[in-house]
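Each chain, letter by letter, is given below.
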Amino acid sequence: MLSNKKILVVDDSQMNRLIAVTILKKYRAIVLEAVNGLEAVKTLADMDVDLVLMDIEMPVMDGMEAVRIIRERLNKSLPVIALTANSMNGDNDKYIEAGMNAYLSKPFKENELMDMVAGLLNKNRAE
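How each quantity is defined
- Residues numbered from 1 in each chain as written.
- Predicted model: local features only at pLDDT ≥ 70, side-chain atom pairs only at ≥ 80, totals over all residues.
- Heavy atoms only, no water.
- Phe/Tyr/Trp six-rings, centres within 6.5 Å; stacked < 30°, edge-to-face > 60°.
- Buried < 20%, exposed > 50% of the residue type's maximum accessible area, 1.4 Å probe, protein only.
- Helix = DSSP H or I, 4+ residues; strand = E, 2+ residues; numbered from the N terminus.
- Pairing = 2+ DSSP bridges.
- Right-handed = clockwise from strand over helix to strand, strands pointing away.
- Axes fitted to C-alpha atoms, helices over the stretch in contact; angles between N-to-C directions.
- Contact = heavy atoms within 4.5 Å.
- Polar contact = N/O pair within 3.5 Å; in protein donor to acceptor, adjacent residues only side chain to side chain.
- Parallel < 35°, antiparallel > 145°, perpendicular 65-115°, else oblique.
- Nonpolar A, V, L, I, M, F, W, Y, C, P; charged D, E, K, R; others polar.

Overview of the packing of aromatic side chains
Here is step 1: Under the definition given, this model contains 1 aromatic pair.
Here is step 2: Where tyrosine 95 meets tyrosine 103, the ring centres are 5.2 Å apart and the plane angle is 15°; that geometry is what we call stacked. Tyrosine 103 shares its class with tyrosine 95; the two are buried.

Quick look at the pairing of strand E3 (residues 51-55)
Here is step 1: In terms of burial, E3 is largely enclosed, as 5 of its 5 residues are buried.
Here is step 2: Burial along E3 is two-sided: the face carrying Leu51, Leu53 and Asp55 and the face carrying Val52 and Met54 are both buried.
Here is step 3: Two elements, E3 and strand E4 (residues 80-84), share 4 bridges in a ladder whose sense is parallel. Its bridge partner being in E4, leucine 53 is matched across the sheet by isoleucine 81.
Here is step 4: Crossover handedness for the path E3 to helix H3 (residues 63-72) to E4: right-handed.

Concerning the sheet that holds strand E2 (residues 30-34)
Here is step 1: Read across the open sheet, the 5 strands follow the order E2-E1-E3-E4-E5; overall the sheet is parallel. Of all the strands in the sheet, just E2 and strand E5 (102-105) have a single pairing partner and so form its edges. Averaged over neighbouring strand pairs, the angle between their axes works out to 20° when direction is ignored.
Here is step 2: In terms of strand pairing, strand E1 (residues 6-10) meets E3 through 4 bridges, oriented parallel. Directly across from valine 9, in E3, lies its bridge partner leucine 53.
Here is step 3: Across the sheet, helix H1 (residues 14-26) lies against E1, E2 and E3, angled at about 170° from E2, the strand it touches most.
Here is step 4: Most of the contacts of helix H2 (residues 37-46) go to E1, to which it runs at about 160°, and overall it touches E1, E2 and E3.

Points about the side chain of arginine 17
Here is step 1: Tracing the backbone shows arginine 17 in helix H1.
Here is step 2: Relative accessible area serves as the criterion here: at 10%, arginine 17 is assigned to the buried category.
Here is step 3: A polar contact is formed between the side chain of arginine 17 and the backbone oxygen of aspartate 11, at a distance of 2.7 Å.
Here is step 4: The residues touching arginine 17, leaving out its near neighbours within four places in the chain, are Val9, Asp11, Asp12, Glu33, Ala34 and Val35.

Focus on the packing of H3 against helix H4 (residues 91-98)
Here is step 1: At their nearest, the axes of H3 and H4 sit 9 Å apart, and the two run at 30° to each other. With respect to their mutual orientation, H3 and H4 come out roughly parallel. Along the contact surface, H3 presents Met64, Val67 and Arg68, while H4 presents Lys94, Tyr95 and Ala98.
Here is step 2: In terms of residue class, the contact of H3 with H4 is made up of 4 nonpolar, no polar and 2 charged.

Here's what the structure looks like:
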């Protein structure tokens, strides 16, 4: 399903990265990891990926600042999914306005993640 798709998982929690990476690799994705937004920006400056899973709250650089840099300075339009434990009303709009394509609350179920990833990759391929 995700064969040869490069996905960058950005999260300061090793356990959260492990969960996402394990699920994505099960579907044959090529998975890269970063522990904060700054690492993500540096990775994306050096290589192309198909999709990013971006935690919102991280040290050094949070997901909101990282996605702004990805969109504005790196000029990348790849799909970015916001991952956060803070799922309050209005947050979704805030993440979309910042440049995210979608929003997924942690903890998430495997099928929720895969439906969102597949949907965004298919939409991106169609454009």
